[in-house]
Amino acid sequence: MFLFLVIALAVVVAAVTLAVVSGGDSGPLPDAAPERLRDSLPPDRPVDRADVERLRFPLAARGYRMADVDDAVGRLGAELAERDARIADLESALAGARAAAVHQHVSMEKPAQEEQE
């Protein structure tokens, strides 16, 4: 039994030595290219809900690639700020139009009341 273990150990050592010696010429394995964000947010039009739902970040060593996430969050933040400003402009224009309509309606009623007196 002891002789069998010694022969098995010698065969394993010879196989490992042969693998190391014969494979040493190629050098280390090349670095894998980092996975990049494939479907980024469209640069030529505003982002819609489907774009955000389709957005998937590639995994990195410790989670997600911070640059990809920062770019997407920055883009979404800028578009939300632009939409908020547009909504505020439209609401103020609507309030101004309502105030002008009320003022015009009130000014039209006064002469009619004065004529009745």
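Residues numbered from 1 in each chain as written. Predicted model: local features only at pLDDT ≥ 70, side-chain atom pairs only at ≥ 80, totals over all residues. Heavy atoms only, no water.

**Examining the pattern of salt bridges**
According to the stated counting rule, one finds seven salt bridges in the structure shown. One salt bridge in this structure joins Glu79 and Arg75, with 2.8 Å as the shortest N-O distance. You can see Glu79 and its partner Arg75 sitting in helix α3 (residues 66-116), four residues apart, about one turn around the helix. A relative accessible area of 22% means that Arg75 is categorised as partly exposed. Bridged by salt links that share partners, the residues Arg45, Asp48, Asp51 and Arg54 form one connected network. (Salt bridge = Lys/Arg side-chain N within 4 Å of Asp/Glu carboxyl O. Helix = DSSP H or I, 4+ residues; strand = E, 2+ residues; numbered from the N terminus. Buried < 20%, exposed > 50% of the residue type's maximum accessible area, 1.4 Å probe, protein only.)

**Comments concerning a nonpolar patch on the surface**
A cluster of nonpolar side chains, contributed by Leu3, Ile7 and Val11, occupies part of the molecular surface with about 310 Å² of accessible area. Position of Ile7 relative to the elements: it lies in helix α1 (residues 2-23). (Patch = residues over 30% accessible without salt bridge, like charges linked within 9 Å, V, L, I, M, F, W, Y side chains within 5 Å. Areas by Shrake-Rupley, 256 points an atom, 1.4 Å probe, with all protein chains shown as cover.)

**Regarding the confidence of the model for the chain**
Within the chain, residue pLDDT values average 82, and 83% of them lie at 70 or more. In the model of the chain, strand β1 (residues 59-60) stands out as the element of lowest mean pLDDT, 77, in contrast to α1, which has the highest, 88. (pLDDT = per-residue confidence, 0-100.)

**A closer look at the side chain of Glu79**
Exposure remark for Glu79: the relative accessible area of 11% places this residue in the buried category. Within polar-contact distance, the side chain of Glu79 engages the side chain of Arg75 at 2.8 Å. (Polar contact = N/O pair within 3.5 Å; in protein donor to acceptor, adjacent residues only side chain to side chain.)

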